[in-house]
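Coordinates in review
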Amino acid sequence: MTEVIIVGAGPTGLMLAAELALAGVDSVLVEKRANQDLVGTRALGLQSRTLEMLDQRGIVDRFLDAGQTSQVLGFGNTRLGIIDFPSRHPYGLGLHQQHTERILAEWVEELGVRIDYGVEVTGFDQDRDGVDVSLSDGRTLRTDYIVGCDGGRSLIRKTAGIDFPGWEPTMSSLIANVELTEEPEWGVHHHEFGTQAFSQLPNGRASLVVSEKEPQENPEPSLDDLRAGLIDAWGTDFGAHNPGAISRFTDMARQAASYRSGRVLLAGDSAHVHSPVGGQGLNTGVQDAMNLGWKLARVVKRTSPENLLDTYHRERHAVGALVIHHNLAQTSLMRMDDRVKALNEVIDGWLHMDGPRKSLAGDLSGLAIHYTSRTDISNDDAHPLVGRRVPDLDLHSPAGAFRTYTLLHTGRPVLLNLGDPSGIDITAWADQVERVDARYYGEWDLPVIGEVSAPTAVLIRPDGYVAWVGQSSTAGLNTQGLSEALGFWFGS
C-alpha cells in the first residue's frame, strides 16, 4: 500500500514528493506526460520567499546557478524593488519552468521517489480508511491520501466534488516563440487591448506577447490565431511563421472552496488559478507543498492527529485568496484606456513611497505571509514573529558558526534556544523536535514589520514559520504556551 499518491509532477507535485520523502513517507507521483518535458511557455521565475524555502532545504544554489537574479516584482506600470528587504535573497530569479522542474525532478530522484510517467488517474473512491485509485494502465492502488496537483482542470478536484468558484475571463493573451520576416518595434507596449511585447532571442527568433481584441479560451491556439491577433493590434502579422510554441492565457481566476475533502487534498493550480501576470502561480503552488508536506507526513505517520490537516486549508486558502485579489487588480490595470492610464499614474505615485511599496512587495514576494491558525492564543498578545517566516540568522555555538536555515535542511521542526541552556525542557518531544542551543548577537528584522524585540527561544516549524516565541525577563525565560504549541503542531 502506498501512503500517498500525488497526481501531477509539476513544481507543486515534485516539491510535495520531496517533502514527504524527507519525512520518511512512501509516495508515488503519477504524471500523464511521457516525461518531464514541457510544451509552450510556462512560469518564468521564482520569487524571494520560494528561494528562501529552497535554501531551507539546502538546494537553492542549484536554482541560482541555472537562472538570473533580478528585481522582478511589479504592479501595474511600477517596478517594486526589494533589495532593502532583510533576506539573503532580496530578489527574484529568472528561470523557465522547464529548468525549475528539471532541478526538482533530479532532487526527487535523489530522494528515491518513483514517478510513473504516461499514466493518468481515471477515478478514485475514498472510504474511512483510505482511497482506491484507478489508473489508465489498468492498475488500482490503495493509498492513505491522494493529493491533486493536476492543474486548473483537476480531475481530482472534480471527482472529490469540490466547488471551484471565481471569475470568468474578460481578456486573453498569446505567448509565442516564432520567426518574423518583418522587424517589429522591440520592447513592451501598452496597447488598448492590453500588453504587447516583442523580445529578440539570441537565436534570431522572436518571443511575443500579444493581447487579443476579444477574449478567447481555447488553450491550444494556432499560428492563424497569432497572426490574427497581431493584425488586430498592429495592422500586420510581421510575417510570423515557423512557431516553436504558442500558448494562451486569460484573466480567469478561480479558487477551490476547500483544499481538503476527507482523504483528498489539493495544491497548486488544482486549488487556485489566475492570470500569470505577476508571476505568483508556480510560487504559490510550491509554497502550498511546503505547508502541506510536513503536516501530511505527521498525520500519515500518526505522530499528529488528522485535524492538523485542517490548518493547511486555513493557512493556504487565505494566502491563495490574497494572491487572486492582487491578480484581479493587476489584470484590471492592463486595460489601457484613459481611465486606467490615469489610475496607473496615481498608483505609481503611491508605490514610489516606502510604506506602500514595502507593504505590497511583501505580499507579492511572499516574505510578509502571516499565518494565524492557532486558536489557543490571542494574536494581540503574540510576539510579532509568531506565524511569520523565521529570519536566516548568523548563529554561533561552541561547534562553530552556522545559519538558521541550515537547521531546516532535513525538514524537521527545531527549537532554537538562544538563552540559558537549562532554562527550557522539551524532553517529552525529544524524538520529534530537534533542540539547538546557540547565540545570536544581531537585530531581529522582519520584512515590512521592521525590527522586533529579540526572543530567547523560537519554535520553528519544518516549513520555516515560527510556532512559538519565548522571551526572558528578570524572573527567567517565560515558557508559557510552549507545551501547548508543541502539542498543537507536533502531537501530544
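Preceding this paragraph is the structure being described.
Residues numbered from 1 in each chain as written. Predicted model: local features only at pLDDT ≥ 70, side-chain atom pairs only at ≥ 80, totals over all residues. Heavy atoms only, no water.

**Here we look at the overall build of the chain**
Check the secondary structure of the chain and you find eleven helices and 30 strands. Expected size for 492 residues packed as a compact globule is a radius of gyration near 23 Å; at 24 Å, the chain falls within 12% of this value. Along the first, second and third principal axes, the C-alpha set of the chain runs to 75 × 60 × 40 Å. A separation of at least 24 residues holds for 68% of the contacts in the chain among residues at least 6 apart in sequence. Total accessible area on the chain is roughly 21,000 Å²; 48% of this is exposed by carbon and sulfur atoms. Charge centroids of the chain, computed over 42 positive and 65 negative side chains, lie 3 Å from each other. (Helix = DSSP H or I, 4+ residues; strand = E, 2+ residues; numbered from the N terminus. Rg over C-alpha atoms; globule rule 2.2 N^0.38 Å. Contact = heavy atoms within 4.5 Å. Areas by Shrake-Rupley, 256 points an atom, 1.4 Å probe, with all protein chains shown as cover. Lys, Arg positive; Asp, Glu negative; His and termini not counted. Charge placed at Lys NZ, Arg CZ, Asp CG, Glu CD.)

**So, the sheet that holds strand S14 (residues 187-191)**
Spatial strand order, S14-S15-S16-S13-S17: five strands in an open sheet with antiparallel pairing. Since the sheet does not close on itself, it has two edges, and those belong to S14 and strand S17 (241-250), each with one partner. Sheet twist, expressed as the mean angle between neighbouring strand axes with direction ignored, is 15°. Pairing geometry for S14 and strand S15 (residues 194-200), over five bridges, is antiparallel. The residue of S15 that forms the bridge with histidine 191 is glycine 194. Where helix H6 (residues 223-234) meets the sheet, its contacts fall on strand S13 (172-179), S14, S15, strand S16 (206-211) and S17, and the angle it forms with S17 comes to roughly 75°. (Pairing = 2+ DSSP bridges. Axes fitted to C-alpha atoms, helices over the stretch in contact; angles between N-to-C directions.)

**Some thoughts on the packing of aromatic side chains**
Across all of its chains, the model carries nine aromatic pairs by this definition. Consider the rings of phenylalanine 198 and tryptophan 234, whose centres lie 5.6 Å apart with planes at 65°: the pair is edge-to-face. Residue phenylalanine 198 is found in strand S15, and its partner tryptophan 234 is found in helix H6; the two are separated by 36 residues along the sequence. The exposure class of phenylalanine 198 is buried, given its relative accessible area of 2%. Assessed through its relative accessible area of 29%, tryptophan 234 is described here as partly exposed. Pairing tryptophan 234 with phenylalanine 238 gives two aromatic rings, centres 6.5 Å apart and planes at 65°, and the pair type is edge-to-face. Of the aromatic side chains, those joined through ring pairs into one cluster are Trp294, Phe488, Trp489 and Phe490. (Phe/Tyr/Trp six-rings, centres within 6.5 Å; stacked < 30°, edge-to-face > 60°. Buried < 20%, exposed > 50% of the residue type's maximum accessible area, 1.4 Å probe, protein only.)

**A few points about the pairing of strand S10 (residues 131-135)**
Burial along S10 is one-sided: Val131, Val133 and Leu135 are buried, while Asp132 and Ser134, pointing the other way, are not. Of the pairings in the sheet, the one linking strand S9 (residues 121-126) to S10 comprises five bridges and is antiparallel in character. Residue valine 121 lies in a different strand from S10, and its bridge partner there is leucine 135. Two successive antiparallel strands, S9 and S10, enclose a turn made up of four residues. Relative to strand S11 (residues 140-148), S10 runs antiparallel, the two sharing four bridges. If you follow valine 131 over to S11, its bridge partner there is threonine 143. Hairpin connection from S10 to S11: four residues lie between these consecutive antiparallel strands, with glycine 138 at a positive phi of about 95°.

**A look at the sheet that holds strand S12 (residues 166-167)**
Judged by pairing direction, the sheet is antiparallel, and its three strands sit side by side in the order S12-S18-S21 without closing on themselves. The open sheet has two edge strands, S12 and strand S21 (272-273), and neither has a second partner. Strand direction decides the pairing type here: S12 and strand S18 (residues 253-255), joined by two bridges, are antiparallel. By the bridge assignment for S18, glycine 166 is matched with arginine 254. Where helix H8 (residues 308-332) meets the sheet, its contacts fall on S12, S18 and S21, and the angle it forms with S18 comes to roughly 170°.

**Some remarks on the side chain of histidine 326**
Along the polypeptide, histidine 326 turns up in helix H8. Excluding residues within four positions of it along the chain, histidine 326 makes contact with Phe75, Leu360, Asp363 and Leu364.

**Considerations on the pattern of salt bridges**
For the structure shown, the criterion picks out 31 salt bridges. The closest approach of N and O atoms between arginine 357 and aspartate 84, which form a salt bridge, is 2.7 Å. Of the two residues, arginine 357 is situated in helix H10 (residues 354-365) and aspartate 84 in the loop between strand S6 (78-79) and strand S7 (92-94); the sequence distance between them amounts to 273 residues. Where salt bridges share partners, they join Asp55, Arg88, Asp392, Asp394 and Arg403 into one cluster. (Salt bridge = Lys/Arg side-chain N within 4 Å of Asp/Glu carboxyl O.)

**As for the environment of glutamate 120**
Relative to the helices and strands, glutamate 120 resides in the loop between strand S8 (114-117) and S9. Taking the C-alpha atoms as reference points, glutamate 120 and arginine 205, separated by 85 residues in sequence, lie 35 Å from one another. With sequence-adjacent residues up to four places away left out, glutamate 120 is seen in contact with Val30, Lys32, Ser134, Leu135 and Ser136.

**Points about the nonpolar core**
Grouped together as the largest cluster of nonpolar side chains are 87 residues, with contacts concentrated most on Leu29, Phe63, Ile146, Leu296 and Leu459. Looking at which element gives the most residues to this core, the answer is helix H7 (residues 281-300), with ten residues. Setting aside its immediate chain neighbours within four residues, leucine 29 contacts Ile6, Gly8, Ala9, Gly13, Leu14, Ala17, Val108, Val113, Arg114, Ile115 and Asp116. (Core = buried A, V, L, I, M, F, W, Y, C linked by side-chain atoms within 4.5 Å.)

**Some words on the packing of H7 against H8**
To characterise two packed helices, one gives the angle between the axes of the helices and the distance between these axes. At a minimum axis separation of 9 Å, H7 and H8 run at an interaxial angle of 175°. By the criterion of interaxial angle, the relationship of H7 to H8 is roughly antiparallel. Contacts from Thr284, Gln287, Asp288, Asn291, Leu292, Trp294, Lys295, Leu296, Arg298 and Val299 of H7 reach H8 at Leu308, Leu309, Thr311, Tyr312, Glu315, Arg316 and Val323. Residues that form the contact of H7 with H8 fall into these classes: eight nonpolar, four polar and five charged. (Parallel < 35°, antiparallel > 145°, perpendicular 65-115°, else oblique. Nonpolar A, V, L, I, M, F, W, Y, C, P; charged D, E, K, R; others polar.)

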